[in-house]
Amino acid sequence: MKNSDKKFTLVQAKPYLFLLLFFVAIFFIFRFSRTLVPESSYARLIYQSHQIADGRLYIETDKGTFRISLPQPDVAEVIFHNQELPFIDSSHAVLSSVHFTSVNFTSDDRQIIFGSKEMQVVIDKSPLRFTYVNVADTLLTSYRPFFDHDTLRGFSFTLQPDEHFYGAGFRTTAFDLRDQHLELYNQAHYGYSLDAPNLNFSVPFVVSSAGYGLLFDNPEKGILDLDKMQANVLTFTSIGGRMAYYVIGGANTDSILKNYHQLTGFQPMPPRWALGYIQSRFGYESEAEARQMVSRMLAEGYPLDAVVIDLYWFGAGVHDSFYMGNLDWYTKKWPEPDKMIADFDKQGIKTILITEPYVLPESRYFDTLSQAGMLGKNPDGSTMILDKFWFGPGGLFDIFQPRMQQWFWEKYQRQTEMGVAGWWGDLGEPENHPDNMQHVTGNALQVHNIYGHYWHKMLAENNAKYYPEVRLFNLNRSGFAGSQRYSLYPWSGDVARSWQGLQAQPRAVLGMAMSGFPYMHSDLGGFAVGQEDAELYLRWLQYGVFNPIYRVHGDPHAPVEPYAYPDSIQEILHRFIDLRYRLLPYNYSLAWLNSTQGIPVTKPLFAEEPYYEALSGVTNTYLWGNDILVAPILEPGQTHRRLYLPKGVWFDFFNDEKLFGSRWINQPVTLQTIPVFVRGGAFIPMTEPITNTKDYSSQHLTLHYYHTTEVPVSTFTMYEDDGITRNAFAKNQYELLNFRSHAAEDILLMTLKREIAGTYPDMPAKRNITLVFQVMETDP
């Protein structure tokens, strides 16, 4: 090529080079100068004085006062208040204001150091800055200890360049929340799938890969920005309310979550039947239809523990709407509900009813509730009528009023006395909640995020009062930090019946697990709009076997019940649903670990190898408990599935093939199975398939042991109680079965030890345990 040709080519390229450089410059300007509000609008707080009183540290500044205390030795609480933001010592999320008083304190001209051996707060006086240190590791440093700009106030923190964040409630965006801007405002989105940033259940709590959790104890409408609007800065903003946060330390993710649950409450044990097969649909329109479905399920050989009855139970109203708010049986379609419930119960099948916090003008109770002032109001004090809603005009219960709570509970109690065993609360964001609606405790912007929380509280406290021996099952799609202590079993809303809808579910389940909600699950098969797809249905229900709750649900656009699908699909489903029941001893023990230690039932892979960056955003492969790894099939027509096996030895659950971890593999798959692996050395206790949990007994156990020479010592603790009694563990009405293996040279020692804390109904006097050496590399 001639020089002149080269020159001509360069000249041609110059406009494109300039354009490229222009966009690169714009990117870097945006990346490193983006802020929620202009930097010049911030006024730095100026330290003035401090004092120690009752084991708490008070820092006076020119803008207000910080109160710093330790609710637990490795948890720091920080509250800011001033004349515009009055001090609020009570919390919706945190259980009590008790604090750790054995604190250390030093001070000099530059710094104040306050805390315990496990958690120290280092306060630099000028410029004012808080640094949180756990043992010897710096966890977190404030960027702005507090700011107040126009209608937004909050806190911001400096992030480490390689830090990752998880939690913040229900989202289907990337699992790692770094570089995301999240609304803290519960929202319902019909037919959502992947990459939905703001959904039904916001939780102002995140877990950091740097070794801490961060809870913002403020329910008012807010924003959580993680490095999106300002580089390497996490910012929480709210319109007002309690300006408080907690820095939660811990040695690992499990201990951080345990400390979080000690603050906000542990999830109680579920009734054992809740871990079985639950069948739902939108909806069974009559008693005859519900009975027909149950009979068909049993005739086809499917286990069944509960049936969910949607809003048809309280009947059809004008314009084919429903008499929402009646909360009583529509006897034209349900002539003998008490007999139906009793008949189901004799078969070991529980009945679950839907309830919503809305009431239509056509309801027999609308005038009573409106005239008593028990519904959400307009600013002038009149009842607000919500015109734009899918069910027609209606009013919203003011759930914060004691009178409204009592009225609502009486409806629950009436059905409970009839034999209803569980509840499905819908629309609890609330789905339609105008900003100017007034409640007894504030306007919608102030109380929206805790509406569901107080609904759960009302139901749980009354259930404990009137039925103190019975565990509550409360299915709902919205709540707040701490709602888990009210026996909440959240589901992931109106997901699209599509492959993208399925792909979104591991993100949703793991994100909520990292937010302190262990029982997040989906409408198996998908809920909204999509047409029949047998492969999608199969893959969703296979994935569901390794979900906290196994509940099939959907709208009428496609068959919902398994018996509606081809025999080839049903044959596979039978095996997987039977596996769900065979795993009950293992799964129930996972529930016990969560209820006592806060350990999630589903765990992300990054917890296995926290320093392997490639795992920071992985959700399509996860751990079911400590010892089972699951890689659901999330795309149609897959013949191979790429997945990561963590360090150690693993065995294919279906064929016992031994594989070594710390590597990516490309696993062959068919419709018959999904990739499932068991950790080398694991004990997996199982039973035989049963019709439902009414027939469950641990008298005959099969203990599968995955022996490998690479794991010389392994243990597993199996928990057993009657599966019904509330607080059985606290009442010492349980037993533990401890399994241990110890290999040394050519000897393998197996120890099975029974610890009886106390008796419980139907506790086996003795057990027959079949010990299966799933893999033996040499003859014994």
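Everything that follows concerns the structure shown earlier in this document.
Conventions used here
- Residues numbered from 1 in each chain as written.
- Predicted model: local features only at pLDDT ≥ 70, side-chain atom pairs only at ≥ 80, totals over all residues.
- Heavy atoms only, no water.
- Helix = DSSP H or I, 4+ residues; strand = E, 2+ residues; numbered from the N terminus.
- Expected span 1.5 Å × (residues − 1).
- Buried < 20%, exposed > 50% of the residue type's maximum accessible area, 1.4 Å probe, protein only.
- Contact = heavy atoms within 4.5 Å.
- Polar contact = N/O pair within 3.5 Å; in protein donor to acceptor, adjacent residues only side chain to side chain.
- Axes fitted to C-alpha atoms, helices over the stretch in contact; angles between N-to-C directions.
- Parallel < 35°, antiparallel > 145°, perpendicular 65-115°, else oblique.
- Nonpolar A, V, L, I, M, F, W, Y, C, P; charged D, E, K, R; others polar.
- Pairing = 2+ DSSP bridges.

A. Quick peek at helix α2 (residues 253-264). Relative to the 16 Å expected for twelve residues at 1.5 Å per residue, α2 spans 16 Å between its end C-alpha atoms, a close match to the ideal helical length. Those residues of α2 lying buried are Thr253, Ile256, Leu257, Asn259, Tyr260, His261, Leu263 and Thr264. Contacts made by the buried residues of α2 are with β3 (65-72), β4 (75-81), β13 (202-208), β14 (212-216), β17 (243-249) and α9 (499-513). Structurally, the start of α2 carries an N-cap: the backbone nitrogen of Asp254 is 3.2 Å from a side-chain oxygen of Asn252.

B. Layout of the packing of helix α10 (residues 534-544) against helix α11 (residues 567-582). Relative to each other, α10 and α11 sit at 10 degrees, their axes nearing to 9 Å. Relative to α11, the element α10 lies roughly parallel. On α11, the residues that touch Ala534, Tyr537, Leu538, Leu541, Gln542 and Gly544 of α10 are Ile569, Ile572, Leu573, Phe576 and Arg580. Counted by class, the contact of α10 with α11 contains eight nonpolar, two polar and one charged residues.

C. Seen up close, the pairing of strand β10 (residues 152-158). Summarising burial for β10: five of the seven residues are buried, a large majority. Two strands pair when backbone bridges link them, and strand β9 (residues 137-149) and β10 are joined in this way by six bridges, in the antiparallel orientation. Across the sheet, Arg144 pairs through a bridge with Ser156, a residue of β10. The antiparallel hairpin formed by β9 and β10 contains two residues in its connecting segment, where Asp150 sits at a positive phi of about 55 degrees. As defined by bridge partners, β10 adjoins strand β16 (residues 233-238) across six bridges and the pair is classed as antiparallel. Residue pairing in the sheet places Phe155 in a bridge with Phe236 of β16.

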